[in-house]
Amino acid sequence: SLENGEQKRFFEEIRVLSEAQLLNLLELDNQLRTKLLNFTVPPMPEEKLKILFATSEVAPLIKTGGLADVSAALPAALMALGADIRVLVPGYPQLMEALNTKGRAATLPALPGVPPAQLIASKLPSGVPLLVIESAIYQRSGGPYQDAAGNDWLDNDLRFGLLSYVGALLSTHD
């Protein structure tokens, strides 16, 4: 809420608008409302849009906040619109335990400072295809970003660098 002084200044500034300016603002407001009410989502292209959604968490498998909710809901909505979508996520212990199905999709070689990994194929409860990077770099107690004491993992750069690297590799292939 505005403080009394701010409120007074606000109303003084409004008073200096001419009647013509106010009518102009109202007309712009009406035009915007009309455009928003008449907005329709354009149809998906004939060829399915291919999307790789790389994220550090996805509900209900691993969640620390709102990112996990968006990472579950947005891909499901895009799939419902006809997109060919996959979600890519690190294989934290909690996530690996929560998977109903696991199929090996690929073996990833070691990188400097990062052990070899496996790419696991599964599905989210919504039916969206899920790709999980199973690597020793993610296998530890605590959460995705911090240890049990709340300290950031010292190798977060490598852990999320691996996620980014795998995402880039997958995005360059059909």
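Above this text you will find the structure in question.
Only a predicted model underlies this, so the values are computations on that prediction, with no experimental measurement involved.

### Details of the sheet that holds strand β1 (residues 50-54)
Strand pairing in a sheet relies on backbone hydrogen bonds, with the paired strands running either antiparallel or parallel.
Then, number 1: An order of β1-β2-β5-β4-β3 is seen for the 5 strands of this open sheet, with the pairing classed as mixed. Where the open sheet ends on each side, the last strands, each with one partner, are β1 and β3 (103-108). Along the sheet, successive strands turn relative to each other by an average axial angle of 25°, direction set aside.
Then, number 2: Against the sheet, helix α3 (residues 66-80) touches β1, β2 (84-90) and β5 (129-135), its axis set at about 160° to β2.

### Topic: the pattern of salt bridges
Then, number 1: For the structure on display, the rule yields 4 salt bridges.
Then, number 2: In this structure, R86 and D84 form a salt bridge, with 2.6 Å as the shortest nitrogen-oxygen distance.
Then, number 3: Judged by its relative accessible area of 25%, D84 falls in the partly exposed class.
Then, number 4: Residue R140 is joined to D155 by a salt bridge in which the shortest nitrogen-to-oxygen separation is 2.8 Å. Taken as a pair, R140 in the loop between β5 and α5 (156-171) and D155 in the loop between β5 and α5 lie far apart in primary sequence, 15 residues in all.
Then, number 5: Its relative accessible area of 24% is what places R140 among the partly exposed residues.
Then, number 6: For D155, a relative accessible area of 18% puts it in the buried group.

Calculation rules
Note on numbering: residues in each chain are counted from 1, in written sequence order. Reporting in this predicted model follows two pLDDT cut-offs: at least 70 for local features of residues, and 80 or more for side-chain atom pairs to be given and counted; totals over whole chains, interfaces and linings ignore these cut-offs and use all residues. Side-chain metrics rest on all non-hydrogen atoms present in the structure, leaving aside hydrogens and water. A strand pair is defined by DSSP finding two or more bridges across the two strands. To qualify as a helix, a DSSP run of H or I must reach at least 4 residues; to qualify as a strand, a run of E must reach at least 2; elements of each kind are numbered from the N terminus. Comment: axis = line fitted to C-alpha atoms, over the contacting stretch for helices; angle = value between 0 and 180 degrees taken between N-to-C directions. Contact between two residues is taken to exist if any of their heavy atoms lie within 4.5 Å; hydrogens are not considered. By salt bridge we mean one thing: a side-chain nitrogen of Lys or Arg within 4 Å of a carboxyl oxygen of Asp or Glu. For every residue, the accessible area (1.4 Å probe, protein chains only) is compared with the maximum for its type, and the residue is labelled buried under 20%, exposed over 50%, or partly exposed between those bounds.

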